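# Notes for the structure review
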Amino acid sequence: MKVIFLGTPDFGIPALQAIMEHHQLLACVCQPDKVGTRGRTEFCAVKKFALQHNIPLYQFEKVSRDGVQILKDLAPDIMVTAAYGQILSQEVIDIAPYGIINIHGSLLPELRGAAPIQYAVLLGLEKTGVTILNTVRKVDAGPTIVKKSLDILPFETNGQLFERLSVLGAEAVIEALDLIEKGQAVYTEQDEEQATFTGKITAEQERIDWSKSSTDIINLVRALNPSPIAWTTWQGKRLKIHELRPCDLQFDGVPGQVVLCTKKQLAVMCGDNKAVYITVLQAENSKCMPTTAFLCGKRIEVGTILGE
RNA sequence: CGCGGGGUAGAGCAGUCUGGUAGCUCAUCGGGCUCAUAACCCGAAGGUCAUGUGGUUCAAAUCCCAUCCCCGCAA
């Protein structure tokens, strides 16, 4: 089929690759370039891919306003979205005969919205997946075509899960496209009663609240890895926490208090009276490093309370 | 030209303000202690102090200038 792909970050790349191999990829659409860190602008993953493979690329400020006629002229059979980042108007949805299908990183109707994968980790779920659904005006609410699930590993980070789901998403989207092409696709309406919604992670959520349970804190840390990274403070400066592990030793202390600091280990008390080992961290202006390396140059005295 | 921090041994840091023999903690290697050890003790190796073989100076890791790279914040 003739496909137009709309997506921006890494998530859609495996799917994009697969579509390019199995179908006729007419063009890619991604968000406009953003000013990156420290003034530099960096192209998004989809733009890099398109440039590298000589695929026509469009970056509309608002696709619903600027892109309708252009995309219509390309005469696609179907359009595929994967973390594109713009809400689509009915006009856009109606461009292709088969409409638009979206690759969503959860088992819908659970975890609709902007950050399904992060929330799957944040909530400590043991299972999630990808859903291919038909796009309708309401976000992630259209009928589903293909669902694939997988188990979330015990200490898996958002980044690791993200990568696995993006590969699974590629399988699923090809399956869906084939079904649609053969006229065998079954569109299943979602159960609205079961729907849950995820908003974007806010800056306030990134700060670790040590009074929460060790499990919640560990889940937060892995949900925010590799970006934007959960943090606390030490000596008035930010201390990013990249990775935590549960600690079975018993200590007395208040939430946020450093209860163990040796040459190799650093443990902090949480709200449920359990401690966690900090295993990978990053001080301000410094690189991310294992705690063992950090402790070679600096020590945090036992009794210090983080996050104040 | 958004604001700021940094580049010193394989790793993480101190030393820079106040120029004057290159330090610390890990890791590595050798030896010792121990029932044993990721613990402890003794010793060794390992650095043109990011680059310009730039400027100032009797003397530069340290002061001045330029360049490259890394990082935090803000967007």
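Below you will find a few notes about this structure.

Rules behind the numbers
- Residues numbered from 1 in each chain as written.
- Chains lettered and ligands numbered in written order.
- Predicted model: local features only at pLDDT ≥ 70, side-chain atom pairs only at ≥ 80, totals over all residues.
- Heavy atoms only, no water.
- Helix = DSSP H or I, 4+ residues; strand = E, 2+ residues; numbered from the N terminus.
- Buried < 20%, exposed > 50% of the residue type's maximum accessible area, 1.4 Å probe, protein only.
- Contact = heavy atoms within 4.5 Å.
- Areas by Shrake-Rupley, 256 points an atom, 1.4 Å probe, with all protein chains shown as cover.
- Pairing = 2+ DSSP bridges.
- Axes fitted to C-alpha atoms, helices over the stretch in contact; angles between N-to-C directions.
- Left-handed = near helix turned anticlockwise from the far one by under 90°.
- Nonpolar A, V, L, I, M, F, W, Y, C, P; charged D, E, K, R; others polar.
- Near = heavy atom within 4 Å.

Next up on the list: the overall build of chain A. Within chain A, the regular secondary structure consists of eight helices and 17 strands. The principal-axis extent of the C-alpha atoms belonging to chain A is close to 65 × 45 × 30 Å. Expressed as a percentage of the 308 residues in chain A, the buried residues total 51%. Pairs at least 24 apart in sequence give 63% of the contacts found in chain A among residues at least 6 apart. When the accessible area of chain A is evaluated, it comes to approximately 15200 Å², of which 50% is carbon and sulfur surface.

Regular strands show a simple pattern: their side chains alternate between the two faces of the sheet. With five of its five residues buried, strand β6 (residues 78-82) lies for the most part within the structure. Residues I78, V80 and A82 point to one face of β6 and M79 and T81 to the other, with burial holding for every one of them. Bridge count between strand β1 (residues 2-7) and β6: five bridges; the pairing is parallel. Residue pairing in the sheet places I4 in a bridge with M79 of β6. With three bridges connecting them, β6 and strand β7 (residues 100-104) associate as parallel partners. Considered in β7, the bridge of M79 is made with I100.

Turning next to the packing of helix α1 (residues 13-22) against helix α6 (residues 158-181). Put simply, α1 and α6 touch, their axes get as near as 7 Å, and they point 35° apart. Seen from above, α1 lies across α6 with right-handed handedness. Residue-level contacts link P14, A15, A18, I19 and H22 of α1 to S166, V167, A170, V173, I174 and L177 of α6. Tallied by class, the residues present in the contact of α1 with α6 amount to nine nonpolar, two polar and no charged.

Close to RNA strand B lie 20 residues; R38, K263, N285, K287 and C296 are nearest. Counting only the atoms of RNA strand B within 4 Å of the protein, the fraction contributed by sugar and phosphate is 65%. Mapped onto the surface near RNA strand B, the elements with two or more residues apiece are β13 (237-247) and α8 (291-297). Ranked by residues supplied to the surface near RNA strand B, first place goes to α8 with four residues. Within the surface near RNA strand B, the residues separate by chemical class into five nonpolar, six polar and nine charged.

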